[in-house]
Amino acid sequence: FDYKNFKDIKINLKGNKQIQNASICIECIKILNNIGYKVSEENIRKGLSTVIHKGRMEILNKEPLIIFDGAHNEPAIENLQNTVQMYYKNMKKFYIVSVLKRKDYEKMLKLLLEDKNATFILTSGNDVERYASGEELYNVAMKYKCEGQDVLIKTLDEAIKFAMNEKEDVVNFVVGSFYVYGTVVRQLGQS
């Protein structure tokens, strides 16, 4: 993307929100340069092109494709959906969803279920005390489910095993909480 006098900027992160974030970084560095810090354009470009943000549209597995995005509130779900439409619109999609009890999971599920061509696997996360149960999420999802959408309940471990066994051209998104990240990474490492 181009931003002011910076042309052909490459970023390592996906989505329009990341372009906005990169632009903010450039502005912050300009301010730092104006007060005495010196960060070269070369270093700015290198940083933007190599930055990694764990848990944000992070590819954890390539075959089958498993992407972790900790989208845990309405704005994050909206950003996720925009990014999914940009990069994965025509692929079969599975969403593995775990949400903390304290989050507004009804609004989150309502937004997620707007993806009419997806299957949803609802889990109780990795801590039954902190997470809404798969059954609670299922009951909410049934209010917003479209005809033809599949909504399943599994444990988080079962959901990841299910994703790893998908043989067709599919993308799996693990969403709803950053707190399951370590559990998912460990399980994938054991697969």
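Sequence order as written defines residue numbering, which begins from 1 separately in each chain. Reporting of local features is limited, given that this is a predicted model, to residues whose pLDDT is at least 70; pairs of side-chain atoms are given and counted only at 80 or more, and all residues count toward the totals for whole chains, interfaces and linings. Side-chain calculation: all heavy atoms of the structure are included, whereas hydrogens and water are not.

Student: So what exactly am I meant to see when it comes to a nonpolar patch on the surface here?
Tutor: Exposure above 30% relative accessible area and no salt bridge define the residues that can form patches, which grow by joining like charges within 9 Å and nonpolar side chains of Val, Leu, Ile, Met, Phe, Trp and Tyr within 5 Å. Surface accessibility follows the Shrake-Rupley procedure with a 1.4 Å probe radius. Residue values consider only the protein chains on display as shielding. Whenever a carboxyl oxygen of Asp or Glu lies within 4 Å of a side-chain nitrogen of Lys or Arg, that contact is scored as a salt bridge. Together, Leu 32, Ile 35 and Tyr 37 line one region of the surface with nonpolar side chains, adding up to about 320 Å² of accessible area. Each helix is a run of DSSP H or I of at least 4 residues and each strand a run of E of at least 2, with the numbering of both proceeding from the N terminus. With respect to the secondary-structure elements, Leu 32 resides in helix H1 (residues 16-34). Think of it in three bands: with a 1.4 Å probe and only protein chains considered, a residue is buried below 20% of the maximum accessible area for its type, exposed above 50%, and partly exposed in between. Among the residues examined, Leu 32 registers a relative accessible area of 34% and is labelled partly exposed.

Student: Teacher, can you tell me more about unusual backbone geometry here?
Tutor: Outside of glycine, negative phi angles account for most residues, and trans bonds account for most peptide bonds. Residue Pro 64 is bonded to the preceding Glu 63 through a cis peptide linkage, with omega at -5 degrees. Residue placement: Pro 64 occurs in the loop between strand S1 (58-61) and strand S2 (65-69). Positive phi, normally seen in glycine, also occurs at Lys 4, with a value near 50 degrees. By secondary structure assignment, the location of Lys 4 is in the segment before H1. Even without being glycine, Met 57 reaches a positive phi, approximately 50 degrees. Tracing the backbone shows Met 57 in the loop between helix H2 (41-50) and S1. A relative accessible area of 10% means that Met 57 is categorised as buried.

Student: Looking at this structure, I do not really get the sheet that holds strand S4 (residues 118-122). What am I missing?
Tutor: Whether parallel or antiparallel, the strands of a sheet pair through hydrogen bonds between backbone atoms. One requirement defines pairing of two strands: DSSP has to find at least two bridges between them. As summarised here, the arrangement of the six strands in space is S1-S2-S6-S3-S4-S5, forming an open sheet in which the pairing is mixed. Single-partner strands in this sheet number two, and they are S1 and strand S5 (150-153). Neighbour-to-neighbour, the strand axes of this sheet turn through a mean angle of 25 degrees, independent of strand direction. Of the pairings in the sheet, the one linking S4 to S5 comprises four bridges and is parallel in character. Paired with Phe 120 across the strands is Val 151, a residue of S5. Angular values range over 0 to 180 degrees, each being the angle between N-to-C directions of two axes fitted as lines to C-alpha atoms, with helices fitted over their stretch in contact.

Student: Help me understand the pairing of S2 in this model?
Tutor: The side chains of a regular strand alternate between the sheet's two faces. For S2, a buried count of five out of five residues is recorded, marking the element as mostly surrounded by other parts of the structure. Going residue by residue along S2, you find Leu 65, Ile 67 and Asp 69 tucked away on one face and Ile 66 and Phe 68 tucked away on the opposite face as well. Two successive antiparallel strands, S1 and S2, enclose a turn made up of three residues. Inspection of the sheet shows S2 paired to strand S6 (residues 170-175) by five bridges, in the parallel sense. When the bridges of S6 are listed, Ile 66 appears paired with Asn 172.

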